[in-house]
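# What the coordinates show
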Amino acid sequence: MKYFLLIITLAFSIQAFSQSEPIKVLDEKEVNFMFNYYEQDGNHSPVTGGIGSEKLECVAPQTSINIPFDTVHNISVTLGIDHYTSASCDQIDRFITAASSEYLSSASSKDTRVHCDVSYTYHNPLSNNEKGFMLGYSKEFDVVSLATGINYAISSEDENRQLILKASAYYDTWKLMYPGEIRDGDEYRYGNESDDYDLDTRTTATFTATYSQVLTRNLQVLFTADYVMQRGILHSPFHRVYFNDPLVIIDPDTNSTLAWKTMRAENLPRARNKFPMAMRVSYFVNDFIITRFYYRYYFDDFDMTGHTFSMEIPVKLSSWLSVYPFFRYHEQTASKYFAPFAEHPVDAMWNPTEEFYTSDYDVSALTSRKYGGGFRISPIYGIANMKTKNNTITFKSLEARYAQYNRSDGLEAWYISFGMSFVF
Amino acid sequence: MRRCVIYFLIVLPLFGYGQMKHKTETLLLMGSRFEITPYAEDEKLLDSAISIAITEIKRVESILSEWQENSVVSEINKNAGIKPVAVSDELFGLIKRCQKVSDLTDGAFDISWAASRGVWRFDGSMTTLPDPKLIEEMTRLVDYQNIILYEETKTVFLKEKGMAIGLGAIGKGYAANRAKYVMQEAGIENGIVICGGDLITWGMPEESKLWRIGIANPDNTSEAIAWFEVGAMAVVTSGDYEKYATIDGKRYGHIIDPRTCYPVEGLRSVTIICPDAELADALATAVFVMGKTNGMALINQLKGIECMMIDSEGNIHSSDNLPINTYSKNEKTEQHYIEIGTKKK
């Protein structure tokens, strides 16, 4: 009996604390308050303007409140650290003269690039446009890069069409590290300290316009065109170019001298204009399969033209798992300054007859194929949740991707990437 | 009690071939920003409609204003505890309707709150709580049941000396109703009138379209936190932002509970949606004072009236017949990538 009373007392006390006043229950007349708000006899009085109950009979509001979840201001920060080994960097110092032999270049065979981008966008949910800007910074052993950009997006009222305009500028400062054998400390400086190297800069400006439209429920298209303008140093100072004089090259593996061939560091013009334009089509075959096609045409004033075609087919296997195989084909013509090893001409005095020359196969005529696949695990409520004091952090998705890349000049590469995303 | 709310109205764009034109006139009336926007196919009607509306709003102001020395309301207040004052049918009806809302809300809405004006100041000059004795005196004077209305003579009597009535808040809803009415009589079948936190629409902005209304974010009134679409409806928002007093480290909003003469806590914004602007106005204040639980319980029982609230934690609640769609375009996401493999530099 004692406990029973105690429980009842507790129950009542809890009830008393939960609200300061009891909730009023309305009677029938009060429930229709709005319709009885105006006096019956005051209905048609001119001073109330006939806004009595007969006009209020029109409907109760039938609507719903829409709350856009997202913040109006969006800031995204990307930090990256890339650690890479590069066989080619190892070779920069391969040939060092006696004079420079005691200096070890900081261009080692492995290095780390750190980069950071911050982007801010502002989107008023009641308007159709979004504005933003971006700042970026990247540093690796021979280049420090600063980036900035602005973007503006405008959507149609029904959000089926969107136009995005972007402009960005990049300012790179290159530390000029020349191949070991031409470093002379004078025209081609070198050393252990940073300022032992000469610097050069490159400015890049990019203007992009993208138009996307949802054509039907299953079909979306996107067109994009860019103009990229580059000024400044466009070649890599540590790339070697060998010429067609009949002298013989050193065997790189045994390092034994067979004969000498004229060699220069790569040299390219200090201005370049590029024009990529691309189209993307997404076709939703059914609720589980999407096909994405991409085609890009590229040309520039180094006489390079290229076509890129890629296809990706995301397949949704279940509500939380999707896989996507992909394939990419690319072909390009050679830049007018490219020639393979030992084909650039020299004159009788062993001076190059061309002003600009490169043997970098990235700008040669080639075709490449990349294929691979990935999967993505993304359950509706996330893979795992963790509640903190104010918020819940959700481990939203996990993805992995593998790609194999083959190029007609013999280059082969592969990569695996993992991605995890968290939402809070 | 002032409401500092800004509404966003999305007027669906009417391009060249659209039939209806509209014109907006913005002006300061009754101490608030009025935006009058009639819609009509005949452009000539718009200007005359606007001036008719402005004339009417000014007329309403002259009746209701307690600032103007010789207004009827000032007359009533001057004669508190002395004698009844005769008023027009129009004003009598308005005060009577206010009393009805006071009955419904058990005094949460009370036009006799004006007696306590000045006890709380929200301009930053108040540093200590008011004298409890003053508050006690105020709770005695603020009581709608001491507003006596005589039907036969159409007179109003404030029973106690020191009582005062203030119609400024509900007056905006009434003025909006009247502006809409006179424009309708002038042939305008579609339009919208916004005054401060009060809004009334009629007709449609465009062929078979609805009016899109946004509710201001209490933390940043130039942003909308939510939006909805309505036909002919009144939407009134009562907000407790911007004006407040900080005393002993605690923040006191500017909306006072007439029953305790103390500022209310718990809500930051209340929006009432129903066909009549005057009623929406009164209920917005009442529900704000009644608080989250009791206020929402009242609205849920009232037919034809819906409500949306934002509480002091920033959570959004709505009445039973007003569903909420939250949709997300981007949440805050963090992505981490690891890439392994040979990559040409």
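### Focus: the overall build of chain B
Each helix and strand counted, chain B has seven helices and 21 strands in total. When each of the 345 residues of chain B is scored for burial, the buried share is 45%. Relative to all contacts within chain B whose residues are 6 or more apart in sequence, the contacts with residues 24 or more apart total 64%.

### What about the overall build of chain A?
A count of helices and strands for chain A gives five helices and 19 strands. Put simply, chain A has 424 residues, and 13% of those count as buried.

### A closer look at the confidence of the model for chain B
Residue and element names in this part refer to chain B. Averaged over every residue, the pLDDT of chain B is 84; the share at 70 or more is 90%. In the predicted structure, residues 1–17 sits below a pLDDT of 50 and forms 42 contacts with residues beyond four places in sequence or in another chain. Scored as a complex, the prediction yields pTM 0.53 and ipTM 0.76.

### A look at the nonpolar core
Note that soluble globular proteins tend to have their nonpolar side chains buried in a common cluster. Residues B:Ile272, B:Ala280, B:Leu283 and B:Val287 are the most contacted members of the largest nonpolar core, which totals 106 residues. In terms of residues, this core owes the most to one element, helix α6 (residues 277–290) of chain B, which gives 11 residues. In contact with B:Ala280, not counting residues within four places along its chain, are B:Gly173, B:Ala234, B:Val235, B:Val236, B:Ile272 and B:Cys274. Core analysis: the next-biggest nonpolar cluster, separate from the first, contains 12 residues, A:Val241, A:Phe243, A:Met304 and A:Tyr337 among them.

### A look at the sheet that holds strand β5 (residues 85–86) of chain B
All names here are of chain B. Spatial ordering of the open sheet is given by β5-β7-β6, a layout of three strands whose pairing is antiparallel. The two strands at the open ends of the sheet, each matched to only one other strand, are β5 and β6 (147–150). Across four bridges, the pairing between β6 and strand β7 (residues 155–158) is antiparallel. In the strand pairing of β7, Ile 148 is matched with Phe 157. Packed on one face of the sheet, helix α3 (residues 89–104) meets β6 and β7 and runs near 130 degrees to β6.

### Here's the deal with the pairing of strand β13 (residues 305–312) of chain A
All names here are of chain A. As paired elements, strand β12 (residues 290–300) and β13 share eight bridges and run antiparallel to each other. Paired with Arg 296 across the bridge in β13 is Thr 308. Taking the residues that link successive antiparallel strands as the turn, the β12-β13 hairpin has four residues, and the phi of Asp 303 there is positive, at about 70 degrees. Note that β13 and strand β15 (residues 321–332) share seven bridges and pair antiparallel. Directly across from Met 311, in β15, lies its bridge partner Phe 327.

### Focus on the pairing of strand β7 (residues 199–216) of chain A
All names here are of chain A. Bridging between strand β6 (residues 161–175) and β7 involves 15 bridges; their strand directions are antiparallel. Directly across from Asp 172, in β7, lies its bridge partner Arg 202. The turn joining β7 and strand β8 (residues 219–232), which pair antiparallel and follow one another in sequence, is formed by two residues.

### Re the environment of B:Met30
Residues and elements named next belong to chain B. Secondary-structure assignment places Met 30 in the loop between β3 (25–29) and β4 (32–40). Exposure remark for Met 30: the 18 C-beta atoms within 10 Å place this residue in the partly exposed category. Sequence separation of Met 30 and Gly 196 is 166 residues, and the distance between their C-alpha atoms is 9.8 Å. Beyond its immediate stretch of four places on either side in the chain, Met 30 contacts Ile 57, Glu 61, Gly 171, Lys 172 and Ala 175.

### Concerning the environment of A:Asp117
Within the fold, A:Asp117 resides in strand β3 (residues 110–123). When residues no more than four places from it in sequence are discounted, the contact partners of A:Asp117 are A:Thr78, A:Met134 and A:Gly136.

### Comments concerning unusual backbone geometry
All names here are of chain B. Here the phi dihedral of Met 30 falls at roughly 50 degrees; this positive angle occurs in a residue that is not glycine. Phi is positive for Cys 261, which is not a glycine, with a value near 60 degrees. Summarising the element assignment, Cys 261 is placed in the loop between β15 (256–257) and β16 (262–263). Assessed through the 22 C-beta atoms surrounding it within 10 Å, Cys 261 is described here as buried.

### Some details on the packing of helix α5 (residues 168–185) of chain B against α6(B)
Residues and elements named next belong to chain B. Where α5 contacts α6, the two axes come as close as 7 Å, and the packing angle between them is 160 degrees. Here α5 lies roughly antiparallel to α6, going by the angle between them. Helix-helix and strand crossings are classified by hand; for α5 and α6 the assignment is right-handed. Here Ala 169, Ile 170, Lys 172, Gly 173, Tyr 174, Ala 176 and Asn 177 of α5 come into contact with α6, specifically with Ala 277, Glu 278, Ala 280, Asp 281, Ala 282 and Thr 285.

### Regarding the confidence of the model for chain A
Caution applies to low-pLDDT regions: their predicted coordinates should not be interpreted in detail. Residue and element names in this part refer to chain A. Per-residue confidence for chain A gives a mean pLDDT of 79; residues scoring 70 or more make up 78%. For chain A, the element scoring lowest by mean pLDDT is helix α1 (residues 2–18), at 41; β13 scores highest, at 96. The model gives residues 42–47 a pLDDT under 50, and that stretch makes 12 contacts with residues more than four places away or in other chains. With pLDDT under 50 throughout, residues 96–107 is counted as low confidence; its partners more than four residues away or in other chains account for 22 contacts.

Definitions and cut-offs
- Residues numbered from 1 in each chain as written.
- Chains lettered and ligands numbered in written order.
- Predicted model: local features only at pLDDT ≥ 70, side-chain atom pairs only at ≥ 80, totals over all residues.
- Helix = DSSP H or I, 4+ residues; strand = E, 2+ residues; numbered from the N terminus.
- Buried ≥ 20, exposed ≤ 12 C-beta atoms within 10 Å, placed from the backbone.
- Contact = placed C-beta atoms within 7 Å.
- pLDDT = per-residue confidence, 0-100.
- Core = buried A, V, L, I, M, F, W, Y, C linked by C-beta atoms within 7 Å.
- Pairing = 2+ DSSP bridges.
- Axes fitted to C-alpha atoms, helices over the stretch in contact; angles between N-to-C directions.
- Parallel < 35°, antiparallel > 145°, perpendicular 65-115°, else oblique.
- Left-handed = near helix turned anticlockwise from the far one by under 90°.

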